[in-house]
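Notes for the structure review
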Amino acid sequence: QVQLVESGGGLVQPGGSLRLSCAASGFTFSIYGMSWYRQAPGKERELVARITSDGDRTNYADSVKGRFTISRDNAKKTVYLQMNSLKPEDTAVYYCSAKLRITYWGQGTQVTVSS
């Protein structure tokens, strides 16, 4: 079955960096685009970044452009989110997502940006 397992979250000070990973299994990873979403307390889940199946094209939310980078390694069936210059407003649970016939979600990883 499809599984998405995120890792790499944690507590970081403002201005710091984290790299999230999402390990995929149960489907042909290399032919699907992948996305990262986040959900802050009391807010709706929002798209952070997405990447095409071959990694050639990426899109970002305006709030993270220039600070976050999405990438993927199809051999490892893993998608990454490099987050730099983190701000307190980046605090959220981060989810990776794969849109197959239905949309699959990982369990999420908490990112807390605080001094």
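Structure shown above.
I will try to describe carefully the structure that is included in this document.

**Topic: the state of the cysteines**
Evaluation of the coordinates by the stated rule reveals one disulfide. Between the sulfur of Cys22 and that of Cys96 lies a disulfide, 1.9 Å long from S to S. With Cys22 in strand β3 (residues 18-25) and Cys96 in strand β9 (residues 92-99), this pair connects stretches of sequence that are 74 residues apart.

**A short note on the pattern of salt bridges**
Applying the stated criterion to the full structure yields four salt bridges. Notably, a salt bridge pairs Arg38 with Glu46, separated by 2.6 Å at the nearest N-O pair. Classification of Arg38 by relative accessible area gives buried; the value is 5%. Residues Asp90 and Arg67 are paired through a salt bridge, measuring 2.8 Å at the closest nitrogen-oxygen approach. With Asp90 in the loop between β8 (78-83) and β9 and Arg67 in the loop between β6 (58-60) and β7 (68-73), this pair connects stretches of sequence that are 23 residues apart. Using a relative accessible area of 1% as the deciding quantity, one classes Asp90 as buried. Its relative accessible area of 10% is what places Arg67 among the buried residues.

**A word on the packing of aromatic side chains**
Under the criterion given, the structure shown has four aromatic pairs. With 6.5 Å between their ring centres and 85° between their planes, Tyr95 and Trp105 make a pair best called edge-to-face. Highlighted residues: Tyr95 in strand β9 and Trp105 in strand β10 (residues 103-105), separated in sequence by ten residues. Judged by relative accessible area, which is 36%, Trp105 ranks as partly exposed. By the ring-pair criterion, three or more aromatic residues cluster together here, those being Phe27, Phe29 and Tyr32. The cationic tip of Arg45 hangs over the ring face of Trp105; the distance from NZ or CZ to the ring centre is 4.5 Å. The side chain of Arg72 reaches across the aromatic face of Phe29, ending 4.3 Å from its centre.

**Re the nonpolar core**
Membership of the largest hydrophobic core comes to 30 residues, with the highest contact counts inside it found for Phe27, Trp36, Val79, Leu81, Met83 and Tyr94. Looking at this core, the elements with two or more residues in it are β3, β4 (34-39), β5 (46-51), β7, β8, β9 and β11 (109-113). Sequence-distant contacts of Met83, defined by excluding residues within four places in its chain, comprise Gly16, Ser17, Leu18, Leu20, Arg67, Phe68, Tyr94 and Val111.

**Concerning the pairing of β3**
Across five bridges, strand β1 (residues 3-7) lies against β3 in antiparallel orientation. Looking across to β3, one finds that Val5 is bridged to Ala23. Here β3 pairs with β8 via six bridges, running antiparallel. What sits directly across from Ala23, in β8, is Thr78.

Criteria and cut-off values
- Residues numbered from 1 in each chain as written.
- Predicted model: local features only at pLDDT ≥ 70, side-chain atom pairs only at ≥ 80, totals over all residues.
- Heavy atoms only, no water.
- Disulfide = S-S within 2.5 Å.
- Helix = DSSP H or I, 4+ residues; strand = E, 2+ residues; numbered from the N terminus.
- Salt bridge = Lys/Arg side-chain N within 4 Å of Asp/Glu carboxyl O.
- Buried < 20%, exposed > 50% of the residue type's maximum accessible area, 1.4 Å probe, protein only.
- Phe/Tyr/Trp six-rings, centres within 6.5 Å; stacked < 30°, edge-to-face > 60°.
- Lys NZ or Arg CZ within 6 Å of the ring centre and 35° of its normal.
- Core = buried A, V, L, I, M, F, W, Y, C linked by side-chain atoms within 4.5 Å.
- Contact = heavy atoms within 4.5 Å.
- Pairing = 2+ DSSP bridges.

These figures come from the coordinates and say nothing about function on their own.
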